[in-house]
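# A look at the structure
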Amino acid sequence: MTELYERLATRLGPKGYATDAADIAPYLKEWRGAFAGSTPFLAMPSSTEETAEVVRLCAEAGVAITPQGGNTGLVGGQIPEGEVLVSLKRMNRIRSLDAANDSLIAEAGVVLANVQRAAADSDRLFPLSLASEGSATIGGLISTNAGGVHVLRYGMMRDLVLGLEVVLADGRVMPGLKALRKDNTGYDLKQLFIGAEGTLGIVTAASLKLFPRPRAHLVALAAVSDAAHALDLLHRLKAATGAVAAFEIMNRLSVDLVVKNVADRRDPMPGAPMMALVEFEAASEIGFRDAIESAFTKAAEAGECENVLIAENAGQARDFWRIREDISAGHRPEGAQVNHDVSVPVSQTPPFLDRANAAMERACPGVRIVAFGHKGDGNFHYSVMQPEAMSADRFPGAALTQTVYEVATQLGGSISAEHGIGVARKSDLIRFKDAESITLMRAVKHALDPNNVMNPRVLL
Ligand SMILES: Cc1cc2nc3c(=O)[nH]c(=O)nc-3n(C[C@H](O)[C@H](O)[C@H](O)COP(=O)(O)OP(=O)(O)OC[C@H]3O[C@@H](n4cnc5c(N)ncnc54)[C@H](O)[C@@H]3O)c2cc1C
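Here the structure is a predicted model, which means the values were calculated and not measured.

### A few points about the environment of Leu-57
Mapped onto the secondary structure, Leu-57 falls in helix H3 (residues 48–61). The class for Leu-57 is buried, based on a relative accessible area of 5%. Remark: the alpha-carbon pair of Leu-57 and Leu-8, spanning 49 residues in sequence, is separated by 7.5 Å. Apart from the residues lying within four places of it in its own chain, the contact partners of Leu-57 are Leu-4, Arg-7 and Leu-8.

### What about the pattern of salt bridges?
Side chains carrying opposite charge are able to pair once their charged atoms draw close together. The final tally for this structure, using the stated rule, is 26 salt bridges. Across the salt bridge formed by Arg-213 and Asp-123, the nearest N and O atoms sit 3.1 Å from each other. With Arg-213 in the loop between strand E11 (211–212) and strand E12 (216–224) and Asp-123 in the loop between helix H4 (112–121) and strand E7 (124–125), this residue pair connects regions lying 90 residues apart in the sequence. Taking the relative accessible area as the measure of exposure, Arg-213 reaches 37% and is therefore partly exposed.

### Observations concerning the site of the ligand
In the neighbourhood of the ligand, 35 residues make up the surrounding shell, with Pro-67, Thr-72, Gly-73, Ser-132 and Thr-137 lying closest. Between Gly-70 and the ligand, the recorded distance is 2.8 Å, taken from a backbone N or O atom to an oxygen atom. Within the backbone of Gly-73, an N or O atom sits 2.6 Å from an oxygen atom of the ligand. Protein chains shield 92% of the accessible area of the ligand, which is 980 Å² for the free molecule. Going through the elements one at a time, strand E3 (65–68), helix H5 (138–143) and strand E10 (201–209) are the ones with two or more residues in the shell around the ligand. Looking at the shell around the ligand residue by residue, the classes come out as twelve nonpolar, 21 polar and two charged.

Cut-off values and rules
- The numbers attached to residues start from 1 for each chain and follow its sequence in the written order.
- At least 70 in pLDDT is required for a residue's local features to be given in this predicted model, at least 80 for side-chain atom pairs to be given and counted, and no such filter applies to totals for whole chains, interfaces and linings, which use all residues.
- With hydrogens and water stripped out, all remaining heavy atoms of the structure feed into the side-chain values.
- Counting from the N terminus, the helices are DSSP H or I runs at least four residues long and the strands are E runs at least two residues long.
- Burial classification: accessible surface area is computed with a 1.4 Å probe over protein chains only, and a residue below 20% of its type maximum counts as buried, one above 50% as exposed, and the rest as partly exposed.
- Contacts are assigned to residue pairs with any non-hydrogen atoms lying within 4.5 Å of each other.
- In the sections that follow, a salt bridge refers to a side-chain nitrogen of Lys or Arg positioned within 4 Å of a carboxyl oxygen of Asp or Glu.
- Being near a molecule or strand, for a residue, means having at least one of its heavy atoms within 4 Å of it.
- Identification of polar contacts relies on pairs of N or O atoms within 3.5 Å, with a donor-acceptor requirement for protein atoms, meaning one able to donate a hydrogen and the other able to accept it, and with residues adjacent in sequence counted only if both atoms are side-chain atoms.
- Note on areas: Shrake-Rupley, 1.4 Å probe, and residue coverage restricted to the protein chains presented here.
- The classification used treats Ala, Val, Leu, Ile, Met, Phe, Trp, Tyr, Cys and Pro as nonpolar, Asp, Glu, Lys and Arg as charged, and all other residues, Gly among them, as polar.

So, in structure tokens, the structure goes:
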């Protein structure tokens, strides 16, 4: 083994690897402390050629690899347990930007915020947006098929990728960096690597779609009585304005806990049972605000929403968004809890909340529920916390999780909308995904990585 590490070190040069425990430590711990691991060798290649050589040498030696980007993943897939850790952070160049083709090519280690900035500098938009955008990398976002707040308008990461360059499990390179909207030449191989969580190869660069930069923006908060009214409001706003870019909901407790546990936050709508945070964008200001105000007025007349606050400036819009972004920080200190990231068809969001809430209360009377997230695309972050009077060790978290997943799948949903499976949800995947799909996934894994070199403890 030492011989392998010596060869890797020689190939990568002094800036390209670390073996010292103190240097490696930050890469081995997930930010919340939920996952911690170990590695004998941290490789930090700076080019596709170096990455390919690292994989080839490891594969020849029969040594497994864990790829890592920004280390913001929430299911532990980026944390090694003895594998060679390959960080893509030094592959951080935007290789090219073709504004006339609405596309750019970024290396895997480019942080999302830098892609957004490069697009904006060319008067374009890269629409993927999530709270970890200052650290998450293009390679990680692709490998987890990240979602975020703009999915209902622009789709998931999968919908934003035109081409991929990937180092395969034996060190060969798939040079798929085309920037085409149309390419019907057989299997769309790039899609296999998107959402694969590093189990099929290492993404080294991606060709990404850009969009025209919207000129008009508006953020509004609406008080709604329940998820059914929120659904009606969503469809009215989409149809009447054509401009809905984000539609998030926050239940009462989610906002209460932000106010309680996060400094300097105040409740913008005291007493509202639920709030919808809506972001609109359009190519022009002409008629933009009028259309939105008129749609909200009609929604209020129809009883779909009550109070509506429209942000008058960027600062207010940011304050509205902060409440939403602080929800996780708000409920984290509230004792034993289980957190879920489920999706159902948008039409099924009201029955999901009704059934899941009722089932939680039946199983654990007094349980506290924070339900929030991307209602516009059917994705709830659904957190269940111990009753205040209960001791943490009596909280039946694992059983509650199974019930939440049962309710979601009975409604045609998924146990993981955007965070992935990683090491955290492997047994749930086997239980809740159909057996035929699992068999096909294993066949794909075996075809592309027969020696199980790539992230072997993850996903399957
Ligand atoms: C505050 C916060 C908010 C978040 N909000 C959202 C959200 O709204 N929507 C959402 O979808 N996610 C969200 N996430 C989750 C996370 O940011 C995403 O999963 C992100 O895509 C991970 O990117 P990363 O570069 O940090 O990848 P890492 O965490 O380093 O890795 C994630 C997975 O991808 C693999 N991987 C990484 N790079 C590569 C590569 N180049 N080639 C092959 N495999 C690779 C890893 O092995 C691992 O399995 C959030 C996380 C945080 C901390």
